[in-house]
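Below, each chain spelled out in residue letters.
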Amino acid sequence: NEPRIIPITDPVSVIYRIYNGTIPNTFMCSAIAAATPVVINEWAASGGTIEVTTIERFDLDETTVIGYTHSIKLRNVNFSNGTNSFSFEEYFFGNYQTNN
C-alpha cells in the first residue's frame, strides 16, 4: 500500500495529448497505430513524479490473490509544448487492474 515513486527524468517521460476525436479502448496498445484520431496538441512533462500504489484483489474466498489494482497519480508535474504550459500539483490519472 506504500506508493512507488518514479521521478520523471530521462528515460522516464510523460506526454499529455489532445486528439481530434474519441479514443477507442484498443487505441493505445494496438500493434499498428490507428490513422484516427489524430493528435492535435501535445505537451511534454518536465519534472515531477509518478506515484503508483498497488493493492491486491482477492477471490470470493478472500485469501486467493486474483490480481492487483494500481492507482496512478502525477505529482508536481509541469507540461510544456514550447508555446504554452500548465502544471498539476496532484493529478489522479486512474486505476489500472492486472490479473494473475
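A brief structural summary.

Cut-offs and rules
Within any chain, residue numbers begin from 1 and follow the written order of that chain's sequence. Two thresholds apply to this predicted model, a pLDDT of at least 70 for residue-level local features and 80 or more for giving and counting side-chain atom pairs, whereas whole-chain, interface and lining totals are computed over all residues. The basis for every side-chain value is the complete set of non-hydrogen atoms in the structure, without hydrogens or water. Each helix is a run of H or I in the DSSP string that is no shorter than four residues. Each strand is a run of E no shorter than two, and both are numbered from the N terminus. In this description the radius of gyration comes from C-alpha coordinates, and the expected globular size is given by 2.2 Å times residues to the power 0.38. Summary of the burial criterion: residues with accessible area below 20% of their type's maximum are buried, those above 50% are exposed, and those between are partly exposed, where the area comes from a 1.4 Å probe applied to protein chains only. Throughout, a contact is declared for two residues whenever any of their heavy atoms are within 4.5 Å. Computed with the Shrake-Rupley method and a 1.4 Å probe, the accessible areas treat only the protein chains shown as cover for residues. Under the convention used here, Asp and Glu are negative, Lys and Arg are positive, and both His and the chain ends fall outside the count. Just so you know, the charge point we use is NZ for Lys, CZ for Arg, CG for Asp and CD for Glu. In protein, a polar contact requires one atom able to donate a hydrogen and another able to accept it; more generally it is a pair of N or O atoms within 3.5 Å, and residues adjacent in sequence count only if both atoms are side-chain atoms. The rule for a salt bridge is simple: a side-chain nitrogen of Lys or Arg has to be within 4 Å of a carboxyl oxygen of Asp or Glu.

1. Structural notes on the overall build of the protein chain
And then number 1: Assigned secondary structure in the protein chain consists of zero helices and six strands.
And then number 2: The linear arrangement of helices and strands in the protein chain, starting from the amino end, is β-β-β-β-β-β.
And then number 3: The C-alpha atoms of the protein chain give 17 Å as radius of gyration, which overshoots the globular expectation for 100 residues (13 Å, by more than 25%).
And then number 4: Here the protein chain holds 100 residues, and 18% of them are scored as buried.
And then number 5: Within the protein chain, contacts between residues at least 6 apart in sequence are counted, and of these 54% link residues at least 24 apart.
And then number 6: When the accessible surface of the protein chain is totalled, it reaches about 7400 Å², and 53% of it is carbon and sulfur.
And then number 7: Seen as two clouds, the 5 positive and the 10 negative side-chain charges of the protein chain have centres 5 Å apart.

2. Focus: the side chain of Glu 51
And then number 1: As for its placement among the helices and strands, Glu 51 is situated in strand 4 (residues 49-58).
And then number 2: Side chain to side chain, Glu 51 and Arg 75 meet in a polar contact 2.6 Å long.
And then number 3: Beyond its immediate chain neighbours, meaning those up to four positions away, Glu 51 contacts Pro 3, Arg 4, Ile 5, Ser 71, Ile 72, Lys 73 and Arg 75.

3. So, the pattern of salt bridges
And then number 1: Summed over all chains, the structure comprises four salt bridges.
And then number 2: Of the charged contacts in the structure, one is a salt bridge between Arg 17 and Glu 42, with a shortest N-O distance of 2.5 Å. One end of the pair, Arg 17, is in strand 2 (residues 15-19); the other, Glu 42, is in strand 3 (residues 39-46), with 25 residues separating them in the sequence.
And then number 3: The class of Glu 42 is partly exposed, set by a relative accessible area of 37%.
And then number 4: A salt bridge links Glu 51 to Arg 75, with the shortest nitrogen-to-oxygen separation between them at 2.6 Å. With Glu 51 in strand 4 and Arg 75 in strand 5 (residues 65-80), this residue pair connects regions lying 24 residues apart in the sequence.
And then number 5: Look at Glu 51 and you get buried, because its relative accessible area is 14%.
And then number 6: Its relative accessible area of 23% is what places Arg 75 among the partly exposed residues.
And then number 7: One salt-bridge network, in which partners are shared between bridges, spans Glu 51, Lys 73, Arg 75 and Glu 90.

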